[in-house]
Structures are given as structure tokens and as C-alpha cells.
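Topology and contacts: notes
One-letter residues, chain by chain:
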2 protein chains.
Amino acid sequence: MAQESSRRIVLLLEYDGSSYAGSQYQPNARTIQSALETAIEKTTGDWTRAAFAGRTDAGVHARGQVASFLTESRLDAGTLQRALNAWLPPDIVVLAATETAANHDVRRHARARHYRYLIENRAARPTLERGGVWHVSRPLDAAAMEQAAGLLQGTRDFRAFAGPLESEGASTVRDLHCFSVQRRGTRLTCDLVANAFLPHQVRRMVGALVEVGKGKMRPDEYEALLEGPLSSAGPAAPAQGLYLMRVQYEPPLFDEQVAVRHPV
Amino acid sequence: MAQESSRRIVLLLEYDGSSYAGSQYQPNARTIQSALETAIEKTTGDWTRAAFAGRTDAGVHARGQVASFLTESRLDAGTLQRALNAWLPPDIVVLAATETAANHDVRRHARARHYRYLIENRAARPTLERGGVWHVSRPLDAAAMEQAAGLLQGTRDFRAFAGPLESEGASTVRDLHCFSVQRRGTRLTCDLVANAFLPHQVRRMVGALVEVGKGKMRPDEYEALLEGPLSSAGPAAPAQGLYLMRVQYEPPLFDEQVAVRHPV
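Quantities reported herein were computed from a predicted structural model and do not represent experimental measurements. (Residues numbered from 1 in each chain as written. Chains lettered and ligands numbered in written order. Predicted model: local features only at pLDDT ≥ 70, side-chain atom pairs only at ≥ 80, totals over all residues. Heavy atoms only, no water.)

It is worth spelling out the interface of chain A and chain B at this point. Listed per partner, the contact involves 32 residues of chain A and 33 residues of chain B. Together chain A and chain B conceal approximately 2400 Å² of surface at their shared face, both sides included; 47% is due to carbon and sulfur atoms. Counting across the interface, chain A meets chain B through six salt bridges. Here chain A and chain B share 18 residue pairs in polar contact (both at pLDDT 80 or more) between them. Listed by contribution, the elements that provide at least two residues to the side of chain A that touches chain B are β1 (7-15), β3 (61-71) and β4 (92-100) of chain A. With four residues, the single largest contributor to the side of chain A that touches chain B is β4(A). Of the residues in the side of chain A that touches chain B, the class split is 15 nonpolar, six polar and 11 charged. (Contact = heavy atoms within 4.5 Å. Buried area = accessible area lost by both parts, 1.4 Å probe. Salt bridge = Lys/Arg side-chain N within 4 Å of Asp/Glu carboxyl O. Polar contact = N/O pair within 3.5 Å; in protein donor to acceptor, adjacent residues only side chain to side chain. Helix = DSSP H or I, 4+ residues; strand = E, 2+ residues; numbered from the N terminus. Nonpolar A, V, L, I, M, F, W, Y, C, P; charged D, E, K, R; others polar.)

Okay, structure coming up:
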């Protein structure tokens, strides 16, 4: 239990996940959580656990991850933000910080998550974006992908697209508010918004969607993957093309101007 | 002199310049030219000099650099492209290759160059784009910058914005076809198109333009910088935000689809 005097600070985080074994703590691995907790300790003098709104896998990036921690520190949120940024490594930054109710739970209270998946669709391998996109050299039919993606929107059982689940028997039904595909030049941007996602769901949904883009699967066959058993659909797209863009709360935790920085 | 049988191959190159001392050969330094010449030697078995359309400084990137070389190889351009890409390091790639007249000069025959400069204008330092943008934390007035930039368009003497010149006494007059500034969220994109640029000209023009964005200089004062002596205007913006986007030829050397891949 938090002490009476503990304050909960929530952080809006951006990171390049290339050098990390994911967001969540793992023994003997470099994780976003351990980097953040180290920076918090250096800033406040106290060791505390940080909680994350979305779990990102090894190599997955974030433009709007939300994390929170309890602290006895009397420093205001802006000062904490600047101090954390001074201690954090160059590939992690706090975009905004604010104080919230001590019992706020960034994971449970999140209303929706927005993930983006970037595909570089050209013959030549990427150079400037090489750690941030999935390179697919075979030409993709973005219109077919967009059509197939639209078929999965709604309240559906996404078990087929789930990797190993954290708790057996838990529901695999999710509300997929939006799944869109947009082409601009050689870049395909896949945007997915849902109340929540199953482990590996985005990467498996995009991985199978690329099969549609290659003409190996029809949009109706893509939708029919939903009927398969747990973890039957895929393959999973590589981690490096995936970005956690935004976690939505009601009321919002952060100024919209800060949270929505990177339009498509 | 090229032998009768020599063929000239022109290459469209993309590279992340972060780890290079620039495009041009320098003894004991890692340059784009030496990386390319090494790949050509491994592909064709012969050592040859590569020529570049635009000289990029240390840390400057390219999305559409043009290079050419003479070869005795009988391999077709597509095969050469694939072989070069197999030998080139991960931060350099050949986007397209074609054969042209043996006396074609990628530098002299270029009609126009398009450079882009990216500024990330927000309080927090960049993470995902940390090697590819200039971070300016103080809010910039993009409208004032756009106005000032427009004043420099036309056929002007840009000596004030030039770094050390390659040949003394050469003309410092250039045709600046376009100089625009566009804001999208926290990202400012400066596009410059000219028949040719003086050394450091783009970086000094953008460096001084940011002073306008900060309110330290008025647009008319920015234009008046042109009246100063050689190298009097600046400061130069850092190399990492600069991209050589495109070199234009008449007729075009490459398919437009390949050459124009990255809209603003």
C-alpha cells in the first residue's frame, strides 16, 4: 500500500526500443523499466517500481508509452521530468509528466491503445529507417490490405492472433476500434486502435495482413483466421516496425498537444 | 581517359551519414566514396573512382545522392545494383542503377539539387530520430521562418552563407528556386531547391533562419544577411538534420517512382 504521503507521477514516454529486451523488467536484461527505475532512483534517492500502460516486446518502440510510479519526493512534476531526462539514456525520454491520484492504475484505467506498424515496401533495403521499419521487398497491394484490415474491426475474439497468454482462461475478446492501412510512396502505415491488445496480437495481425498484400491470401480468408484456435494465425511481423503511439484515458492525463505529436 | 569499351554506370544512393566523414574521399577516414569504391571493386574486380553529384559533409544523409563510375564489367545495371547492395554496409544502399553515356558528368550535368533540413521543435530531446534531426527546444515561429525563407528565393549572391570555397574567385551566385518551411506537429521541414549550393550554404541558411524562428532576427534582417561578406552569416545548423533528397537531370536519369519516394 502506498503511504498517505506518496504521490503518483505519470509519465509520457518516447523510446527507441532497439537496444532493449522490452518494456517489462527481466533479470539480467536491459529493459525500459529498469532504465526508468534507475533514473527515478537517481532523481529521488528512492527505489520504486514503475508500472507501464502497455507491454512492449524487445525491439518495439514507443512514441506515447505511459508509465507511473509512487514517490515521497516533493519535487513538482516538471522538475521530475527534467531530472529524469538528465539521467535517462539517449534512447528514452520523458515527453510529459503530471501528478495523478495515488490509486491510478495506468494499465487498468487505459481506455484505448493505439499501435502503429511501419512497413517499407521497396526493392532496396532501408538505411535511414533500418531499425524502425519492416522491410518487405515484394510489392504489396495496400488496397487489399486495407480491405482485409477493415473486416477485423469490431468486438471479436482475437485468440488466433494471440501469442502465449499471461493468464489462462482469460477472455481473448477485444474491441478493435480501428485497423487501417495507408500507403504513401514506399511506406505503408498500419494503425490499430483497440481497448486492449493480446500479447503479440498486433505483430501477428500485421504479419498475416502482409500475406494478403502479397496476394497469397484473400481478405475473406484473412477474416476467417479469427475462427482458428489460439495462436494459429501469423506469422508475426518483426518487432522493429512496431510503435506504441498513444494510450488514451478519460479524462486525458496529458495535454493533447503533447500526446499527439506525430500524425501519419 | 575512359577506354572505348568502358561503360558509365550511374547510381541512385540512399545513406545514413551518421558514421561517415562525408561523401568525398579523405585519407584515413570512413567516407561514402571509399565504401562505394570498395563495393565496386568487390563486385567488378576493378578499382575505379566514383564521382558524386553533391558533396555531403560528415553526418549529412542522402535519400537521393547520385554517383557514377566507369567499368569494364559486362554485368547489366540491375545485376550490378544487387551485387553492390550485397557488399555495401547496412547504412548505404543503391536504390537504382542505370547505364549512361561514358562522358556523362553527374556533377556538371545536374540541373538542380533538393536538400531537406529537419528540425524537431519540442522541449524533450528526440530519441527515435536522434541522429536525423536538429533538436531546437525553444518554440519556433514557423510562419516567420517561411516568410524569411521566401525572401531569399531567386538568383542571388549567397557568399555570406558560404563556408570555405573550393576555388577562390568562383561565382557565389546561385539560383534558389525554392526555400520553404512547413510545420507538422513538432516537426519543421525546410526544403531548398537550387541549381547548385555553395559549401555549407544550406546549413548556414537554416542556422540563421532558426534565429528568425526564435524572434531574434526579423525576416528583412535575414534577407539583409546576403549583403555581408563571405562566410559572415550563420551559425551553421548541425549536419545530422540535413538530407540530400534529389539531384535533377534533363532528361531524368531514373524513374520518377524511384526518385521521389519520400514526400514531406
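Following the structure, the description resumes.
Packed helices, taken two at a time, are described by the angle between their axes plus the distance between the axes. Residue and element names in this part refer to chain A. The geometry of helix α3 (residues 142-151) relative to helix α4 (residues 201-213) is characterised by a closest axis approach of 8 Å and an angle of 135° between their N-to-C directions. Between α3 and α4, the angle falls in the class oblique. Judged by the twist between their axes, the crossing of α3 over α4 is right-handed. Residues Ala-144, Met-145, Ala-148 and Ala-149 of α3 lie in contact with α4, whose contacting residues are Leu-209, Val-210, Val-212 and Gly-213. In terms of residue class, the contact of α3 with α4 is made up of seven nonpolar, one polar and no charged. (Axes fitted to C-alpha atoms, helices over the stretch in contact; angles between N-to-C directions. Parallel < 35°, antiparallel > 145°, perpendicular 65-115°, else oblique. Left-handed = near helix turned anticlockwise from the far one by under 90°.)

To continue, consider the packing of aromatic side chains. Residues and elements named next belong to chain A. Taken as a whole and judged by the stated rule, the model has six aromatic pairs over all chains. Here Tyr-115 and Phe-197 contribute two aromatic rings whose centre-to-centre distance is 5.4 Å and whose plane-to-plane angle is 90°, an arrangement assigned as edge-to-face. Note that Tyr-115 is positioned in strand β5 (residues 112-120) and Phe-197 in the loop between β9 (187-194) and α4, a separation of 82 residues in sequence. Above the ring of Tyr-25, the side-chain terminus of Arg-49 is found at 5.2 Å from the ring centroid. (Phe/Tyr/Trp six-rings, centres within 6.5 Å; stacked < 30°, edge-to-face > 60°. Lys NZ or Arg CZ within 6 Å of the ring centre and 35° of its normal.)

The next point concerns the confidence of the model for chain A. Residues and elements named next belong to chain A. Overall, the prediction assigns chain A a mean pLDDT of 93, with 95% of residues at 70 or greater. Contacts of residues 259-264 to residues separated by more than four positions or lying in other chains number 28 contacts, the stretch itself having pLDDT below 50. This complex was scored by the predictor with a pTM of 0.92 and an ipTM of 0.89. (pLDDT = per-residue confidence, 0-100.)

Quick look at the pairing of strand β1 (residues 7-15) of chain B now. Residues and elements named next belong to chain B. The buried count for β1 comes to nine of nine residues, which makes it a mostly enclosed element. The side-chain alternation of β1 yields two buried faces, one formed by Arg-7, Ile-9, Leu-11, Leu-13 and Tyr-15 and the other by Arg-8, Val-10, Leu-12 and Glu-14. The sheet contact formed by β1 and strand β3 (residues 61-71) spans eight bridges and is antiparallel. Counterpart to Tyr-15 in the pairing with β3 is Ala-62. Pairing analysis gives eight bridges linking β1 to strand β4 (residues 92-100), with the strands arranged antiparallel. Residue pairing in the sheet places Tyr-15 in a bridge with Ile-92 of β4. (Buried < 20%, exposed > 50% of the residue type's maximum accessible area, 1.4 Å probe, protein only. Pairing = 2+ DSSP bridges.)

Further remarks concern the state of the cysteines. All names here are of chain B. Following the criterion strictly, the structure yields zero disulfides over all chains and no others. We note that Cys-178 lacks a disulfide partner, and the nearest cysteine sulfur, in Cys-190, lies 11 Å from it. Of the residues examined, Cys-178 reaches a relative accessible area of 25% and is grouped as partly exposed. (Disulfide = S-S within 2.5 Å.)

Now for helix α1 (residues 32-44) of chain A. Residues and elements named next belong to chain A. In this model, α1 (13 residues) spans 18 Å end to end at C-alpha, consistent with the 18 Å of a helix rising 1.5 Å per residue. Buried residues in α1 make contact with β1, β2 (51-52), β3, α2 (77-87) and β4. Directly after α1, the chain includes Gly-45, whose backbone phi takes a positive value near 85°. (Expected span 1.5 Å × (residues − 1).)

Turning our attention to the nonpolar core. Membership of the largest hydrophobic core comes to 78 residues, with the highest contact counts inside it found for Ile119(B), Phe161(B), Phe179(B) and Tyr222(B). Examining the composition of this core, we find that seven residues originate from one element, helix α4 (residues 201-213) of chain B, more than from any other. Discounting chain neighbours no more than four positions away, the residues touching Phe161(B) are Leu152(B), Pro199(B), His200(B), Gln201(B), Arg204(B), Met205(B), Ala208(B), Tyr222(B), Leu225(B), Leu226(B) and Ala233(B). Core analysis: the next-biggest nonpolar cluster, separate from the first, contains 77 residues, Ile40(A), Leu176(A), Leu192(A) and Tyr249(A) among them. (Core = buried A, V, L, I, M, F, W, Y, C linked by side-chain atoms within 4.5 Å.)

Our focus in this paragraph is the relation of the copies chain A and chain B. Rotating chain A by 180° and translating it 0.0 Å along the rotation axis places it on chain B, where the RMSD comes to 0.0 Å. The operation mapping one copy onto its partner corresponds to a two-fold rotation axis. Considering only C-alpha atoms, the part of chain A nearest the rotation axis is Glu129(A), at 4.6 Å. A share of 100% of the interface residues of chain A reappears at the interface of chain B, consistent with the copies meeting face to face through the same patch. (Least-squares fit on C-alpha atoms with pLDDT ≥ 70 in both.)

Quick look at the pairing of β3(B) now. Residues and elements named next belong to chain B. The element β3 is largely enclosed, with a buried count of 10 among its 11 residues. With two bridges connecting them, strand β2 (residues 51-52) and β3 associate as antiparallel partners. Looking at β3, one finds that Ala-51 is bridged to Ser-68.

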